[in-house]
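Structural characterization, general
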Amino acid sequence: KAEYAEAWVAMGAYAASGDEATRSSLGVALYARYVECATASLPDVAIAIERHARAEGLTSEAVMRSANVSLFAGVRGIVGEFLSSAWIGAFLDSDEGAAMSAAAAVSREYLPLLEVALATSWVGADDMPNAAPEAGIVSAGELVDALPEYVTALEASVAVAGADLSLLHMQQVYELVDALWGHASSVIDGYGAPDGPAAGQSALSLPSPEAKALEVYHDSVKRTTQLSEWLARAVSAAVEAHANAAGNELDGAEVLLEQLFAALSGCQLSTAAQHALALRDFRLATVLAQTPGSPTNTADVAAQLALWRELGADKYVAPKLFRIYALLAGDAVTTAAGLDWKRALGLQLWFGSAPNATIASVLDAYTREWRNPTLDLVAPPLAHYLESGAVAPEANSAAEAAAAVAALADEPARLDTAYHLLHLYCGEGGDALEKVLLPTTASQWGLDERMPWTLYRILRGLGYADLRPAQAYKLHGSFAAQLENVGLWEWGVFVLLHLPEGERRRAAVLALL
């Protein structure tokens, strides 16, 4: 499809060109592409074009190079028909089409991450070659520089694949890695960058303890801001779906109130204020204009709600409007009912915490809420395929299925990779790294090591404690076998070059070859 689409575009350029020399060179290149495509993959196109040419008493090559634009347009129309969705669908159902589709999927899902990994690897050339992304070999600064490249590579794959939940989740995870460990603006030049003070810098020129503390504080604020921006992007699709559902299921003012709450759940404050104006609720619009504000503003709204309850006036306030005011009063628990886990975490960050709260304090508050068995209001951070319903436990009823999914929240392997990354960033010791690298936090397939392997390289290079040798061997070996199974055996060799011990590395590579 890509070859013929490119040829179709080239045909348009050829037909539109008024310069004879340009047309001639385009015609030569176009005919060569046509021959290659027609003989290598889709001879049906060649047969149709030959018939078209014979009807005009010409050869296909003569038609390709014809100065008669209308005659040439007939060729372009034939190719356009073969690019139609119906024909492409039939082709992809064939054995050849299925093979091409599978090969394209492999390239889309594996190569972007692997190519960035190779670009950030030090590859030794001794008797026992090895590859490593270690600090001091490939610097932490270089790895940080490369984080946006992972995101860009996945964005390109998502643009081609469309609504592929696995790729979308991978893109979100690498955007989070970039937000937490990527570059943040430094208040003091030369200090606080990934590689620390410049080499050879005198100890006398290092910042004072007070300046260091200020730098740490500013970095914390920057990271919290970047997490907020990441959450807003990550939940934008859910917010849009929430607003659309409200428009389809509710009537009157309830539509705008529900859409206003949906906007707040994604920190879309401007949209929320516009909904308040559409409701002609100017008092609410004024409060929204000061959100998020100082703790004093939040306390004022909370005091107003307490007064309403004391006077019994709360029963005269529409429930959806009261929920909005409760959120603006700092209630990020009861208002989170029915929301996904990222929006629940966002409510805690945007409305339930102080403006200078750290990521660790926000995460701790959210964790306490979803683990509280007496509330059962805040969604647990389940892996994306469980939360979206793409994979559901076997059950006899919807209630049983919901209970089975809720029970999975007790298993770290079924919680979202992004949630484990946040705990790792906040300094959790123990097995925090191991939880990040569990395959089922990112995919329903327990042997899919794509994300665990690339995350391991990045986190190891950034200085996080290494896995135990047996775990590292298992991770490298499993991913190499996975690559070999999908036909990317040469990339399997690259993965095995990361094995730490020389003789075992040699044996593993030779075994694969």
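Residues numbered from 1 in each chain as written. Predicted model: local features only at pLDDT ≥ 70, side-chain atom pairs only at ≥ 80, totals over all residues. Heavy atoms only, no water.

1. Quick word on the pattern of salt bridges
Applied cut-off: Salt bridges are identified by distance alone: a Lys or Arg side-chain nitrogen within 4 Å of an Asp or Glu carboxyl oxygen. Helical segments are the DSSP runs of H or I of at least four residues, strand segments are the runs of E of at least two, and each set is numbered from the N terminus. Burial status follows relative accessibility: with a 1.4 Å probe on protein chains alone, a residue under 20% of its type maximum counts as buried, one over 50% as exposed, and anything between as partly exposed.
Going through the model one piece at a time under the given rule, you end up with nine salt bridges. Residue R450 is joined to E109 by a salt bridge in which the shortest nitrogen-to-oxygen separation is 3.5 Å. Of this pair, R450 sits in helix α23 (residues 450–461) while E109 sits in helix α7 (residues 95–119), and the two are 341 residues apart along the sequence. Taking relative accessible area as the criterion, R450 reaches 7% and is therefore assigned buried. With a shortest N-O distance of 2.8 Å, D448 and R450 are connected by a salt bridge. The exposure classification of D448 matches that of R450, with both residues buried.

2. As for the packing of aromatic side chains
What counts is decided by this rule: Between the rings of Phe, Tyr and Trp (Trp by its six-membered ring), a pair exists once the centres lie within 6.5 Å; its type follows the angle of the planes, with under 30 degrees stacked, over 60 edge-to-face, and the other angles tilted. Should the NZ of a Lys or the CZ of an Arg lie within 6 Å of a ring centre and within 35 degrees of the ring normal, that charge is described as sitting over the ring.
A complete count under the given rule lists eleven aromatic pairs for this structure. Relative to Y419, the ring of W370 has its centre 6.2 Å away and its plane inclined at 75°; by these criteria the two rings are edge-to-face. Residue W370 is located in helix α18 (residues 359–371), and its partner Y419 is located in helix α21 (residues 417–425); the two are separated by 49 residues in the primary sequence. Overall, the relative accessible area of 10% leaves W370 in the buried class. The buried category is assigned to Y419, whose relative accessible area is 3%. Arranged with centres 5.8 Å apart and planes meeting at 85°, the rings of W491 and F494 form a pair that is edge-to-face. Taken together, the residues W491 and F494, both in helix α25 (residues 489–496) and three residues apart, mark about one turn of the helix. Its guanidinium or amino end placed over the ring of F261, R323 lies 3.8 Å from that ring's centre, counting from NZ or CZ. Its end group placed over the ring of Y473, R504 keeps NZ or CZ at 3.7 Å from the ring centre.

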